[in-house]
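Here's the letter readout for the chains.
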Amino acid sequence: MVLAQTQATAADLRGYVRDQQGAGVPNATVTATNPGTGLTRSVTSGGDGEYQMLNLPPGIYDLAVEATNFKKALLPAVKLTVGQAADLDVPLKLETSGPV
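Residues numbered from 1 in each chain as written. Predicted model: local features only at pLDDT ≥ 70, side-chain atom pairs only at ≥ 80, totals over all residues. Heavy atoms only, no water.

**Some words on the overall build of the protein chain**
- Helix and strand counts for the protein chain come out as 0 helices and 8 strands.
- Along the chain direction, N to C, the helices and strands of the protein chain fall in the order β-β-β-β-β-β-β-β.
- Split into buried and exposed, the 100 residues of the protein chain put 33% on the buried side.
- Considering only intrachain contacts with a sequence separation of at least 6, the fraction spanning at least 24 residues in the protein chain is 55%.
- Carbon and sulfur atoms make up 53% of the accessible area of the protein chain, which totals about 6,300 Å². (Helix = DSSP H or I, 4+ residues; strand = E, 2+ residues; numbered from the N terminus. Buried < 20%, exposed > 50% of the residue type's maximum accessible area, 1.4 Å probe, protein only. Contact = heavy atoms within 4.5 Å. Areas by Shrake-Rupley, 256 points an atom, 1.4 Å probe, with all protein chains shown as cover.)

Now the structure itself:
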């Protein structure tokens, strides 16, 4: 009998970067930083806005999401636990230009 091995020491974070209408934002940079350890990991969202970070050490992460023509999104204190597969969608707002 073969049993699937569960992830015993790490966590996964995945989700979608979306605009205000709910459409996926491709090529967004998603960066997770653990302020306690200094670990930083970045990925780029795919054509449909999907991103995933696999095998992150458990801990508290600050998430920053940036994309051209959008305001930077900051999500502080995202907690990841051992074996967790966390889903976290990130909404982005369009950058508005003010008076010149």
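Still to come is the rest of the account.
**Describing the pairing of strand E5 (residues 59-66)**
- Pairing geometry for strand E2 (residues 29-33) and E5, over 5 bridges, is antiparallel. Each residue of the ladder has a partner; that of Val30, found in E5, is Val65.
- Sheet topology note: the E5/strand E6 (residues 73-80) ladder contains 6 bridges and is antiparallel. Within E6, the position partnered with Val65 by the bridge is Ala73.
- Hairpin remark: E5 followed by E6, antiparallel, with 6 residues in the connecting loop; positive phi at Asn69, about 70 degrees. (Pairing = 2+ DSSP bridges.)

**Remarks on the pattern of salt bridges**
- The final tally for this structure, using the stated rule, is 2 salt bridges.
- Between Arg18 and Asp89 there is a salt bridge whose closest N-O contact spans 3.9 Å. Here the residue Arg18 occupies a position in strand E1 (residues 11-18), and Asp89 occupies one in the loop between strand E7 (85-87) and strand E8 (90-91), the gap between them amounting to 71 residues.
- The exposure class of Asp89 is partly exposed, given its relative accessible area of 41%. (Salt bridge = Lys/Arg side-chain N within 4 Å of Asp/Glu carboxyl O.)

**Section: the confidence of the model for the protein chain**
- Scored by pLDDT, the protein chain comes out at a mean of 90, with 88% of its residues at no less than 70.
- Per-residue pLDDT stays below 50 along residues 1-7; that stretch engages in 4 contacts with residues further than four places along the chain or on separate chains. (pLDDT = per-residue confidence, 0-100.)

**Some details on the side chain of Ser45**
- Relative to the helices and strands, Ser45 resides in the loop between strand E3 (40-44) and strand E4 (50-56).
- Classification of Ser45 by relative accessible area gives buried; the value is 3%.
- At 2.7 Å, the side chain of Ser45 forms a polar contact with the backbone oxygen of Val25.
- If sequence neighbours within four positions are ignored, Ser45 has contacts with Val17, Val25, Pro26, Asn27, Ala28, Glu50 and Tyr51. (Polar contact = N/O pair within 3.5 Å; in protein donor to acceptor, adjacent residues only side chain to side chain.)

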